[in-house]
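A closer look at the structure
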Amino acid sequence: MSNYNLANLIRARFPIIYITSFEEDRATKYIKSIVTSEKLVKYPREVFTWTQTAGLVNETTQKAVSDTTCPCKMLEYIRKHDKDSVFILYDFHVNFGVKNRTPDYNVIRKIRDIIPDLKLGAVRKTIFFVSPELIIPESLQKEITIFDFPLPTLKEIRAKFDSMLKQNVNVKAELSEDEKDKLCKAALGLTLQEAESAFALAMVNDGSIDMKDLPIILEEKVQVIKKTGILEFIKSEYTIKDIGGLDNLKKWLLKRNNSWSEQAKKYCIPAPKGVLVTGVPGCGKSLTAKAMSTIWQLPLLKLDFGKVFSGLVGSSEENMRRALATAEAVAPSILWIDEIEKGLSGLGSNGDSGVSSRIFGQFLTWMQEKEAPVFVIATANNISNLPPELLRKGRFDEIFFVDLPTVSERKEIFKLHLEKRLKDKEVASEVAEIKDLCANLAQMTEGFIGSEIEQVVVSALCDAFFESRPLKFEDLVKNIQTTVPLSMTQREQILALRAWANVRAVSAAKTSNLKAYSKEVDEENVSSSRGGRTLDF
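Described below are features of the structure shown in this document. Keep in mind that what you see is a predicted model, and the values were worked out from it rather than measured.

Re the sheet that holds strand 7 (residues 144-147)
Strands sit in the order 4-3-2-5-6-1-7 across an open sheet of seven strands; the sheet is mixed. Two strands close off the open sheet at either side, each with one partner strand: strand 4 (63-64) and strand 7. In terms of strand pairing, strand 1 (residues 16-20) meets strand 6 (residues 125-131) through five bridges, oriented parallel. Paired with Ile17 across the strands is Phe128, a residue of strand 6. With respect to the sheet, helix 2 (residues 24-35) is in contact with strand 1, strand 2 (46-51), strand 5 (85-90), strand 6 and strand 7, its orientation differing from that of strand 5 by roughly 170 degrees. Sheet strands touched by helix 4 (residues 71-80): strand 2, strand 3 (55-58), strand 5 and strand 6. Its angle to strand 6, the strand with the most contacts, is close to 150 degrees.

Structure representation (C-alpha cells):
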C-alpha cells in the first residue's frame, strides 16, 4: 500500500473515498498520518470522525460537534465548515440500504448536493466512508472512489507482537528472531486485532509462547474462513500415498511444492496458478484436491458457488469479492472448486439478470491478475458445460484428464483399500497374499472406476461381517460380478470426454495402455491410447 496513492486522491480533490475494512482504528490512524503530513498533502487537514451515536468529533480537540448525529445535519455541517479537513464516517453504508432497511434517499440527495462544494470549493474537504461492507447506491457510483485498504503487513504484525511481549514481561518467550518472524508470518491474513487475540491466546495457554503455539495462530485463520459463510475450511488427512495411479498429476504437484518460498525466488519461479482436473467421475479428482493440502502443507479452502449467489441485488458480487479476498488473506493457500461446471450452470440464461455472467467475469479476472499465492484446483465431470474462456491458456497452468484406471492402477487401488481395512489378522486369515490377490482382482475389473473398486471391497467385508467369518476371495469376486460399472452405463459420455481430452488435456496417468472396456469403445476411440496426451514429467 503506497501512501502516495491515497495522498494523491486527497490532493486531486476526490470528494468521497470508500474504505472497506473492519479495522476502524487502523484505517483512521493511516488516514491521519497522511492528512497531517505537509510532505504528503501539502496542506495539512483537520480530522473529524463521525458515528450515528456520537455525531462529529474533532480528533485534535476531542470535542463533539453538537447536533450532528443526524446524517443530513452532519452533511450540512461539512458543507459549511470553513477549514481544510477530512471527515471519517463510520458505518455510513447503513443509509444506503442493508438487508430489510431501505435506502435513505434524503441522505443520498444531500450527499449529491454537497459534492460540488467538495470538488470545487475554496476549502479543501474530503469525506471518507469506513465500513466493513461495500454498499454504494447507483446514483453515487460516479462520485465515490474505492480505496483498497490491505491487511496488516509482516512489519505491522511483528511490531504488535513485540509490543505485547514488552507489556507482558511475565510471559516466557524463548524465541530466536527467525522463529518470531515465522509466528508473525503465520498471522498474515489476520486483522491486527485478530493477530493480537491469537498471540494473547497462545501466551495465556501456558504462560509462554514458542513454536509449539503455531497451531493456535493457524486456528485463528480457520475462524476467519468460517466467518465468511461462503468458504469452507477442509481438514484433510489424505496423503499422496492414498492416491492410486495418476502418476503424471502427482509428479506435477510434487515438483511445484514450495514454489512460493524464498528459495524459489532465486530460480525466478512464478507461483503456480492452478489446475483443472476433469474426467470420469469417481476416479480420484476430489481425493487429489484433499491430498494436495497435506502434500503442500497449505490450508485447503472449498468455494461453493451456490453460497455465492444471494437474493439481494449486488450482494452476490460482494460475496464473491469477499471470498476471493479471504483466500488471498490466508495465502499461501489452495482454493478448491468441486464440480465447477455446476456452479457456472446459469451462464447465458436470462433468469438471473446477468448475475452469473458478472460473477464468472469477476472470477476470471481474479484468476488472470491475482498476485497472492492462491493455487486454484477445479474439478469437473462434464467438460462440455464449461465456457471456453475458462479453458484458454493462462487461466490454469495445466488441464489434466483422469481416465478409467489401467490394470496397474486398479491393482494399486485394490491394494490401498485392502491394506487400509484388513488390519485384523482374523478377518484377513483366508485371503491370499494381498499383492497376488490384487493382481487377479485388477484383471477382473476392466472398466471399473476407483470408487467402484472401493465399494467392491466394502461390500465384500460387509458380507463377511454379516456371517461373522473372515473375508474370502469369493466375496470380492461375487461383488465384482454384481457390479455394473459406470463405463457401461455412461459409455457415450466417457467416449465424448476422451475425444475432447485427446487434443486438449494432459493425461493424469503416466501409462497409456488402457484396454477398451468393450469392442465398440475400442472402435470409436480410433486410437488405443488413453484420452489426453501423455507427458513424461
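Okay, back to it.
As for the pairing of strand 9 (residues 274-279)
Here strand 9 lies mainly inside the structure; six of its six residues are buried. Of the two faces of strand 9, the one carrying Gly274, Leu276 and Thr278 and the one carrying Val275, Val277 and Gly279 are both buried. Pairing geometry for strand 9 and strand 13 (residues 398-402), over five bridges, is parallel. Residue pairing for strand 13: Gly279 is matched across the bridge by Val402.

Brief notes about unusual backbone geometry
A positive phi is found at Asp91, a non-glycine position, where the angle reads about 55 degrees. Structurally, Asp91 can be placed in the loop between strand 5 and helix 5 (105-120). Note on Asp91: relative accessible area 32%, which makes it partly exposed. If you check the backbone angles, Gln297 has positive phi at about 55 degrees while not being a glycine. Structurally, Gln297 is set in the loop between helix 12 (285-296) and strand 10 (300-303). Judged by relative accessible area, Gln297 falls into the exposed class, the value being 64%.

Considerations on the packing of aromatic side chains
Going through the model one piece at a time under the given rule, you end up with 16 aromatic pairs. A ring pair is formed by Phe92 and Phe96, whose centres lie 5.7 Å apart and whose planes are at 75 degrees; its orientation type is edge-to-face. Judged on exposure class, the residue Phe92 and its partner Phe96 are both buried. Each ring, one from Phe305 and one from Phe363, has its centre 6.0 Å from the other, and the planes form 85 degrees; the classification is edge-to-face. Taken as a pair, Phe305 in helix 13 (residues 305-308) and Phe363 in helix 16 (residues 355-369) lie far apart in primary sequence, 58 residues in all. Here the aromatic cluster, defined as three or more aromatic residues joined through ring pairs, consists of Tyr18, Trp50, Phe92, Phe96 and Phe129. Sitting over the face of the ring of Trp366, Lys370 holds its NZ or CZ atom 5.6 Å from the ring centroid.

Comments concerning the state of the cysteines
Evaluation of the coordinates by the stated rule reveals zero disulfides. You can see Cys283 has no disulfide; the closest cysteine sulfur is in Cys438, sitting 18 Å from it.

Regarding the pairing of strand 3
Relative to strand 3, strand 2 runs antiparallel, the two sharing four bridges. Bridging from a neighbouring strand, Trp50 pairs with Leu56 of strand 3. Linking two consecutive strands that pair antiparallel, namely strand 2 and strand 3, is a turn of three residues. When strand 3 meets strand 4, the two strands line up antiparallel, connected through two bridges. Within strand 4, the residue paired with Val57 across the bridge is Ala64. In textbook terms, the turn of a hairpin is the stretch between consecutive antiparallel strands, and for strand 3 and strand 4 this stretch comprises four residues, one of which, Gln62, has a positive phi near 60 degrees.

As for the environment of Val407
In this structure, Val407 sits in helix 18 (residues 407-421). As a C-alpha pair, Val407 and Tyr90 span 317 residues in sequence and 64 Å in three-dimensional space. Ignoring anything within four residues of it in the chain, the contact list for Val407 reads Ala442, Gln443 and Glu446.

What about helix 12?
For helix 12, with twelve residues, the first-to-last C-alpha span of 17 Å sits near the 16 Å given by 1.5 Å per residue. Buried within helix 12 are the following residues: Lys285, Thr288, Ala289, Ala291, Met292, Ser293, Ile295 and Trp296. Tucked inside the fold, the buried residues of helix 12 contact helix 10 (247-255), strand 9, strand 10, strand 11 (333-337), strand 12 (374-380) and strand 13. Gln297 occupies a position one or two residues after helix 12 and carries a positive phi of about 55 degrees.

Side note on the sheet that holds strand 10
Taken in spatial order, the seven strands of this open sheet run 8-10-11-12-9-13-14, and their pairing is mixed. Two strands close off the open sheet at either side, each with one partner strand: strand 8 (231-234) and strand 14 (506-507).

Examining the side chain of Asp213
Examined against the element boundaries, Asp213 turns out to sit in the loop between helix 8 (192-206) and helix 9 (214-228). Although buried, Asp213 forms no salt bridge, and the nearest oppositely charged side chain, Lys212, lies 9.0 Å from it. Once you skip the residues sitting within four places of it in the chain, Asp213 turns out to touch Ala202, Asn205 and Ser208.

Some words on the environment of Val222
Position of Val222 relative to the elements: it lies in helix 9. Sequence separation between Val222 and Lys235 is 13 residues, and the spatial gap between their C-alpha atoms is 10.0 Å.

Concerning the packing of helix 4 against helix 5
Interhelical geometry of helix 4 versus helix 5 gives an angle of 5 degrees and a closest axis separation of 10 Å. Considering the angle they form, helix 4 stands roughly parallel to helix 5. Taking contact as the criterion, the partners of Pro71, Cys72, Leu75, Glu76, Ile78 and Arg79 in helix 4 are, on helix 5, Asn106, Val107, Lys110, Ile111, Ile114, Asp117 and Leu118. Partitioning the contact of helix 4 with helix 5 into residue classes produces eight nonpolar, one polar and four charged.

Quick look at the pattern of salt bridges
Evaluated as defined, the whole model comprises 25 salt bridges. With a closest N to O distance of 3.1 Å, Arg158 and Asp162 form a salt bridge. In this pair, Arg158 and Asp162 both sit in helix 6 (residues 154-167), four residues apart, roughly one turn of the helix. Residue classification places Arg158 among the buried residues on the basis of a relative accessible area of 13%.

How each quantity is defined
Residues numbered from 1 in each chain as written. Predicted model: local features only at pLDDT ≥ 70, side-chain atom pairs only at ≥ 80, totals over all residues. Heavy atoms only, no water. Pairing = 2+ DSSP bridges. Helix = DSSP H or I, 4+ residues; strand = E, 2+ residues; numbered from the N terminus. Contact = heavy atoms within 4.5 Å. Axes fitted to C-alpha atoms, helices over the stretch in contact; angles between N-to-C directions. Buried < 20%, exposed > 50% of the residue type's maximum accessible area, 1.4 Å probe, protein only. Phe/Tyr/Trp six-rings, centres within 6.5 Å; stacked < 30°, edge-to-face > 60°. Lys NZ or Arg CZ within 6 Å of the ring centre and 35° of its normal. Disulfide = S-S within 2.5 Å. Expected span 1.5 Å × (residues − 1). Lys, Arg positive; Asp, Glu negative; His and termini not counted. Salt bridge = Lys/Arg side-chain N within 4 Å of Asp/Glu carboxyl O. Parallel < 35°, antiparallel > 145°, perpendicular 65-115°, else oblique. Nonpolar A, V, L, I, M, F, W, Y, C, P; charged D, E, K, R; others polar.

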